[in-house]
Amino acid sequence: MSAPTTADETLSAECTLARRPDYRGLHKECRQTRDIPLPHSNGLLLVRRCTCTCHPWGGAR
């Protein structure tokens, strides 16, 4: 099961769960810090970076 997404937002599993009050500390566990391209593809992504506003690179693209 993947993290909920919209056109503007792609969240990691950690940041999705960290939106709940008892799990806020999980934001620091997020490892989706960059886009990872699908090998041998032209621009397709295997994993998108997390766009949660808790990260220093900011929110949605």
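Note: the structure precedes this text.
Calculation notes
- All residue numbers refer to position in the chain's written sequence, counted from 1.
- The model is predicted, so local features are restricted to residues of pLDDT at least 70 and side-chain atom pairs to those at 80 or more, both for listing and for counting; the totals for chains, interfaces and linings are taken over all residues.
- Computation of side-chain values covers all heavy atoms of the structure but excludes hydrogens and water.
- Where helices and strands are cited, they refer to DSSP runs of H or I of at least four residues and of E of at least two residues respectively, numbered from the N terminus.
- Throughout this description, buried means an accessible area under 20% of the type-specific maximum (1.4 Å probe, protein chains only), exposed means over 50%, and partly exposed covers the range between.
- Contacts are assigned to residue pairs with any non-hydrogen atoms lying within 4.5 Å of each other.
- Here, Shrake-Rupley sampling with a 1.4 Å probe gives the accessible areas, and only protein chains in the shown set may cover a residue.

Novice: Before we go on, may I ask you to explain the overall build of the chain in this structure?
Specialist: Each helix and strand counted, the chain has 1 helix and 2 strands in total. When the helices and strands of the chain are listed from N to C terminus, the series reads α-β-β. The buried share of the chain, taken over its 61 residues, is 21%. Across the chain, the fraction of contacts at a sequence separation of at least 24, relative to all contacts at a separation of at least 6, is 30%. Taken as a whole, the chain presents about 4700 Å² of accessible surface, with 52% of it coming from carbon and sulfur.

Novice: For this particular structure, what's the right way to read the environment of Ala13?
Specialist: The residue Ala13 is located in helix α1 (residues 13–18) in this model. Spatially, the C-alpha atoms of Ala13 and His27 are 9.6 Å apart, while their sequence positions differ by 14 residues.

Novice: Can you help me understand the environment of Arg34 in this one?
Specialist: With respect to the secondary-structure elements, Arg34 resides in the loop between α1 and β1 (36–37). Spatially, the C-alpha atoms of Arg34 and Val47 are 8.2 Å apart, while their sequence positions differ by 13 residues. When sequence neighbours within four positions are dropped, the list of residues in contact with Arg34 reads Val47, Arg48 and Arg49.

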